[in-house]
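Listed below are the residues making up each chain.
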Amino acid sequence: MDFWQRYRAIDARDTRFDGQFFTAVRTTGIYCRPSCPARTPKASNVTFYETSAAAHEAGYRACKRCLPEAVPGTPAWNVRQDIAGRAMRLINDGVINRDGVAGLAARLGYSPRQLNRILGQELGAGPLSLARAARAQTARTLLVSTSMKLADVAFAAGFSSVRQFNETIAEVFDMTPTALRRTVRHPVNGGGATALTLGLPYRPPFDPGIFSFLAVRAIPGVEDGTPTSYARTLRLPHGDARFRVEYDDGARERPLTLTIGAVDLRDLPALLSRVRRLFDLDADPEAIDGTLAADPRLAGSVASAPGMRLPGAVDPPELLIRAMVGQQITVAAARTALTQLSAAGSPASAPGEGLDRLFPTPAEIATAGHLLRGPRRRTESLLHAAEAMARGRLDFGYGDDLPSLTAALLPLPGVGPWTVGYAAMRVLGAPDIFLANDAAVRNGIRALDNGTSALSPDFRETSPWRSYATMHLWRAAARPAARTTIPAKGTP
């Protein structure tokens, strides 16, 4: 978007652009979200920034009226597969908190100096400033949503000291942490370090079909799902966690609520980031649906299920194993095989709600060949991939782009273009993947066929949102009449 497109968006107070850019006003020294209800400033006084961190760097503080930090993140970090997009995915996952700028730069294949220069040019702020903004956003969420002690909030958000926490909150929000907490009259809960309930902001509309997608693939003991809720255990850098996400379609705001049953506070930023990725909560559904609905093959599906989300992955190695197990078999068969394999997983440190173990690590899978079922070649491929991940020969994750992910996965025995594409959709959130040779995709195309065969078979008309087109096709293929007969390739 150019300057005047953005200016028209703030003049219209368009909520669709909240979180996608920030408006700084020189005469007031504050920055706002695009939908801020305050009077539209003169264009000559406005500067637009890609990130809140860039506005902080320029000396602006957050608006107390529109609370620009309380919005979904930008969808650009998945659309963009460049260094800036890859860096933001890793920063949101807490890499700087754990490994510092040097660790982030090493993962991206750059020196810290190069990375600072690139991010400064692309986003208006360096990696430390971007991480600081992410910490401030997490801290604000905890301050207004819980009654956690301020010191716990500081360390949970990733700050290295209470003093740094106090200084950052005062600089960004022009308030003390206590004053910021008082801006909300009724905190959601009184949770402590091991029981938190938080609201998850998103851009409407939101199609809850993603809960059903996850529920039919849920592994007993590790996951639990219903059409409106999903819970699981998860291994994080400092320990394991347990969480539940629930959707209330009957409430006025249709809230998504995250309840964290157990987590090491140092892992809280990573957990929040991964939950948001899992449910694709930073997507811009109106932009996506507008493109998909223009294709006559998808128009009816989009109208009946607006706001469809692209399921992410909370653990990239786990996603690869699940994809390899699910190739060319039904969803039910894949779930049975994964349930057997999950017996190799470690017990959860804080079991609850029927969730008592973790999905096995690559090292545990590499020694659990007796639990694997199916053709010998597939079993050997799974063990080979697990051993490669366990020994560090195979390393991939949120900081990859499509070429690097392909280079890492495609040489593996038993991994072909479909598996790479599926991993790109779910690990990277890559929005423009079309799995043309997927059996369920082909069945979905037949189910939605309405005499528009003149259109391209690869759905290029829906680019750059073909991953979401794929989700619509999978849903069409899984309608009740065909639910038990559709092969699961493409949907493990």
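Just so you know, these numbers come straight off a predicted model, no measurement behind them.

Basis of the calculations
Residues numbered from 1 in each chain as written. Predicted model: local features only at pLDDT ≥ 70, side-chain atom pairs only at ≥ 80, totals over all residues. Heavy atoms only, no water. Helix = DSSP H or I, 4+ residues; strand = E, 2+ residues; numbered from the N terminus. UniProt positions renumbered as here; feature names shortened; annotations may be inferred. pLDDT = per-residue confidence, 0-100. Contact = heavy atoms within 4.5 Å. Disulfide = S-S within 2.5 Å. Pairing = 2+ DSSP bridges. Axes fitted to C-alpha atoms, helices over the stretch in contact; angles between N-to-C directions. Salt bridge = Lys/Arg side-chain N within 4 Å of Asp/Glu carboxyl O. Buried < 20%, exposed > 50% of the residue type's maximum accessible area, 1.4 Å probe, protein only. Parallel < 35°, antiparallel > 145°, perpendicular 65-115°, else oblique. Nonpolar A, V, L, I, M, F, W, Y, C, P; charged D, E, K, R; others polar. Core = buried A, V, L, I, M, F, W, Y, C linked by side-chain atoms within 4.5 Å.

**Some thoughts on unusual backbone geometry**
- Following Pro204, the chain continues to Pro205 via a peptide bond in cis, the omega torsion being 0°.
- Within the secondary structure, Pro205 is located in the loop between β5 (196–199) and α11 (209–215).
- Put simply, Ser463 and Pro464 share a cis peptide bond, and its omega is 10°.
- A positive phi angle is found at Arg13, which is not glycine, with a value near 50°.
- For Asp280, which is not a glycine, the phi torsion comes out positive at approximately 55°.
- Note on placement: Asp280 falls in the loop between α12 (268–278) and α13 (285–293).

**Some points on the UniProt feature "domain: HTH araC/xylS-type" (unreviewed entry) in the protein chain**
- UniProt feature "domain: HTH araC/xylS-type" (unreviewed entry): in the numbering of this structure it lies at residues 85–183.
- Between the end C-alpha atoms of residues 85–183 the distance is 33 Å, and the span holds 78% helix and 0% strand.

**Focus on the confidence of the model for the protein chain**
- Residues at a pLDDT of 70 or more form 94% of the protein chain, whose mean pLDDT is 91.
- Per-residue pLDDT stays below 50 along residues 186–194; that stretch engages in 21 contacts with residues further than four places along the chain or on separate chains.
- Note that pLDDT drops below 50 for residues 481–490; the model gives that stretch 26 contacts with residues more than four away or on any other chain.

**Observations concerning the state of the cysteines**
- In this structure the tally under the stated criterion is zero disulfides.
- Of all cysteine sulfurs, the one in Cys36 lies closest to Cys32, which takes part in no disulfide; the gap is 3.9 Å.
- Residue Cys63 stays outside any disulfide, its sulfur separated by 3.8 Å from that of Cys66, the closest cysteine.

**Things to note about the sheet that holds strand β4 (residues 61–62)**
- If you walk across this open sheet you meet the four strands as β3-β1-β2-β4, and the pairing is mixed. In this open sheet, the two strands that pair with only one neighbour each are β3 (46–49) and β4.
- Strand direction decides the pairing type here: strand β2 (residues 30–32) and β4, joined by two bridges, are parallel. Of the residues in β4, the one forming a bridge with Tyr31 is Ala62.
- Of the strands in this sheet, β1 (22–25) and β3 are in contact with helix α1 (residues 3–11), which crosses β3 at around 100°.

**Considering the pairing of strand β6 (residues 223–226)**
- The pairing of β6 with strand β7 (residues 229–236) spans four bridges and is classified as antiparallel. Looking across to β7, one finds that Glu223 is bridged to Arg232.
- Between β6 and β7, which pair antiparallel in sequence order, lie two residues.

**With respect to the pattern of salt bridges**
- Here the structure, examined in full by the defined rule, presents 29 salt bridges.
- One salt bridge in this structure joins Arg86 and Asp401, with 3.9 Å as the shortest N-O distance. Note that Arg86 is positioned in helix α4 (residues 83–92) and Asp401 in the loop between α18 (376–390) and α19 (402–409), a separation of 315 residues in sequence. For the pair Arg86 and Asp401, a shared accessibility class is recorded, and that class is buried.
- For the salt bridge of Arg376 with Glu380, the shortest nitrogen-to-oxygen distance reads 3.7 Å. Taken as a pair, Arg376 and Glu380 lie in helix α18 at a separation of four residues, close to a single helical turn.
- Given a relative accessible area of 45%, Glu380 falls into the partly exposed group.

**Re α4**
- For α4, the tally of buried residues reaches nine of ten residues, placing the bulk of the element in the interior.
- Within α4 the residues assigned to the buried category are Ile83, Ala84, Gly85, Arg86, Ala87, Met88, Arg89, Leu90 and Ile91.

**Notes on the packing of helix α15 (residues 316–325) against α18**
- At their nearest, the axes of α15 and α18 sit 10 Å apart, and the two run at 170° to each other. Here α15 lies roughly antiparallel to α18, going by the angle between them. For the pair α15 and α18, the contacting residues are Pro317, Leu320, Ile321, Met324 and Val325 in the first and Arg378, Ser381, Leu382, Ala385, Ala386 and Met389 in the second.
- Taken together, the residues of the contact of α15 with α18 sort by class into nine nonpolar, one polar and one charged.

**Some remarks on the nonpolar core**
- Core analysis: the biggest nonpolar cluster contains 135 residues, and Phe279 and Leu409 have the highest contact counts within it.
- A total of eight residues in this core trace back to one element, the largest contributor, which is helix α20 (residues 417–428).
- Those residues in contact with Phe279 that lie beyond four places of it in its chain are Phe206, Ile210, Phe211, Leu214, Tyr230, Val245 and Arg309.
- If you look at the next biggest cluster of nonpolar residues, it comprises seven residues, including Ala9, Phe17, Val46 and Phe48.

**A short note on the environment of Met175**
- Within the element layout of this structure, Met175 appears in the loop between α9 (162–173) and α10 (177–181).
- Given the relative accessible area of 15%, Met175 is considered buried.
- Distance from Met175 to Val162, taken between C-alpha atoms, is 15 Å for residues 13 residues apart in sequence.
- If we ignore the near neighbours within four places in the chain, the residues touching Met175 are Lys64, Ile169, Ala170, Leu180 and Thr183.

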